[in-house]
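Given next are the chains, with one letter for each unit.
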Amino acid sequence: MRKLETKYWIVDNSVENLRDCPQIQEAAMYLKENELIAFPTETVYGLGANALHAEAVTKIFEAKGRPSDNPLIVHIANTGMLSQLVSSMPQYVAKLIESFWPGPLTVVLPKTDHVPENVSGGLATVAVRMPDHPVALALMEAAGLPLAAPSANLSGKPSPTTAQHVRADLHGRIAGILDGGSTGIGVESTVIDCTADIPVILRPGGITRNELEEAVGKVLVDPALQESGQAPKSPGMKYKHYAPDAPFVLVAGNSEYLQQLVAHEKKSGKKVGILTTEENQHVYKADVVLACGRRDDLSTVMQRLYATLRTFNEYDVDIIFSEVFPQEGIGEALMNRLLKAANGQVIREI
Ligand code: TXA
Ligand code: MG
């Protein structure tokens, strides 16, 4: 791995003509030279490379330590960038684009030969989205390039929602980081396979199944998301993800039950963490109790989730117990990420 001197630029998101500002121009220059730049999107920070250049894309896998069969999302600044990436699309895709772009929706479509094999992990399809963030859009416009960009974390770590998270993971491994503050949504985009007549959700995210169905009618969900043992169609969904350093366990039960589990671990001398919400923060006794947003507004829990998982690492706890959330609406995406962080481990009160 080359040791790089990572540049760090702070960008004021509200500036007009952002694409002309020196920080964006300099970052765009690195991208044109096939180097890697981390940038904010509305979901999480992305680690971008020229999506049309295989060697640039190779650097992403090296910097993150990412398995090479896990394909990347290509980000675009305008729909004009689509034709060089995708070879065809069903009619309903136009409706999805009109309803949700720019925004946290990624569509999977048949790819053209311009898309390098390492972007698509050898698949015949490519995943594309237009992010809803002024810095991301300005950067792509300034570079004149679509950007292949996974989340800008070391593989397996929680996705970054601040530039400081990116720096902690990737300093010295990439050319630069554009700091546009905390990301708004906090979990990754919804990925939807649009290669068949009826679209299929491969990864739940910022846009819910209900919202999608309102726009285009029936939408299916990849069975692998609901049952274990099924091979997921989105290769990334099979890897352990988003995990804090300590074992992370979900608890489906009331607060007394969770507190009993904590007491049991404390007896054997363990340092115990609890992930809860503001409503329940004062109910628990443990070494580290972190409130992750408010239960009465799950969007705040999503927004704080990855930062909270990273904070547990700073306290060096031995085990973390987490509350669970209703799997409805955006709760689907939230529970998907919590279950991945827990590697599927749920203790149920009987
Ligand atoms: O919100 C997001 O989507 C963020 C920001 C940076 O845009 N990006 C992100 O990228 O989450 P990443 O690489 O962490 O996740 C990409 C997901 C993986 O689950 C991958 O398997 C799936 O998209 N994917 C990519 N190309 C695919 C394809 N051709 N077919 C099926 N799934 C694909
Ligand atoms: Mg990721």
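No experiment lies behind these values; they were computed from the predicted model shown.

Visitor: Can you help me understand the packing of aromatic side chains in this one?
Guide: Aromatic rings considered in pairs are described by the distance between their centres and by the relative angle of their planes. Taken as a whole, this structure holds one aromatic pair when the rule is applied. Between the aromatic rings of W9 and Y30, the centroid separation amounts to 6.2 Å while the plane-to-plane angle is 45°, which identifies the pairing as tilted. Here W9 is found in strand 1 (residues 7–10), whereas its partner Y30 is found in helix 1 (residues 22–32), with 21 residues between them in sequence. Taken individually, W9 and Y30 each receive the classification buried, so the pair is uniform in this respect. Against the face of Y8 rests R167, its NZ or CZ located 4.3 Å from the ring centre.

Visitor: I'm lost on unusual backbone geometry in this one. Help?
Guide: Of all residues except glycine, most have a negative phi; of all peptide bonds, most are trans. Geometrically, the link from W101 to P102 is a cis peptide bond, its omega value of -10° lying close to zero. Relative to the elements of secondary structure, P102 occurs in the loop between helix 3 (92–100) and strand 5 (105–110). Its identity as a non-glycine residue notwithstanding, N17 has a phi of 50°, on the positive side. Relative to the assigned elements, N17 resides in the loop between strand 1 and helix 1. What makes N17 exposed here is its relative accessible area of 56%. We note that N34 has phi near 65°; this positive angle belongs to a residue other than glycine.

Visitor: I tried to follow helix 2 (residues 54–64) on my own but got confused; where do I start?
Guide: Within an α-helix, residues lying three or four positions from one another point in the same direction, as the helix has 3.6 residues per turn. Among the residues making up helix 2, those that are buried are A56, V57, K59, I60, F61, A63 and K64. The elements touched by buried residues of helix 2 are strand 3 (46–50), helix 4 (117–120), strand 7 (147–148) and helix 6 (163–170).

Visitor: Can you walk me through the packing of helix 1 against helix 5 (residues 134–143) in this structure?
Guide: Packed helix pairs are specified by the crossing angle of their axes together with the interaxial distance, meaning the distance between the axes. Direction vectors running N to C along helix 1 and helix 5 enclose 55°, while the axes themselves pass 8 Å from each other. What the angle tells us is that helix 1 and helix 5 run oblique. Considering how the two elements wind past one another, helix 1 and helix 5 form a crossing that is right-handed. The segment helix 1 lies against helix 5, with I24, Q25, A27, A28, L31 and K32 engaging V135, A138, L139, A142 and A143. In the contact of helix 1 with helix 5, the residues fall into nine nonpolar, one polar and one charged.

Reading guide: rules and limits
Residues numbered from 1 in each chain as written. Chains lettered and ligands numbered in written order. Predicted model: local features only at pLDDT ≥ 70, side-chain atom pairs only at ≥ 80, totals over all residues. Heavy atoms only, no water. Phe/Tyr/Trp six-rings, centres within 6.5 Å; stacked < 30°, edge-to-face > 60°. Helix = DSSP H or I, 4+ residues; strand = E, 2+ residues; numbered from the N terminus. Buried < 20%, exposed > 50% of the residue type's maximum accessible area, 1.4 Å probe, protein only. Lys NZ or Arg CZ within 6 Å of the ring centre and 35° of its normal. Contact = heavy atoms within 4.5 Å. Axes fitted to C-alpha atoms, helices over the stretch in contact; angles between N-to-C directions. Parallel < 35°, antiparallel > 145°, perpendicular 65-115°, else oblique. Left-handed = near helix turned anticlockwise from the far one by under 90°. Nonpolar A, V, L, I, M, F, W, Y, C, P; charged D, E, K, R; others polar.

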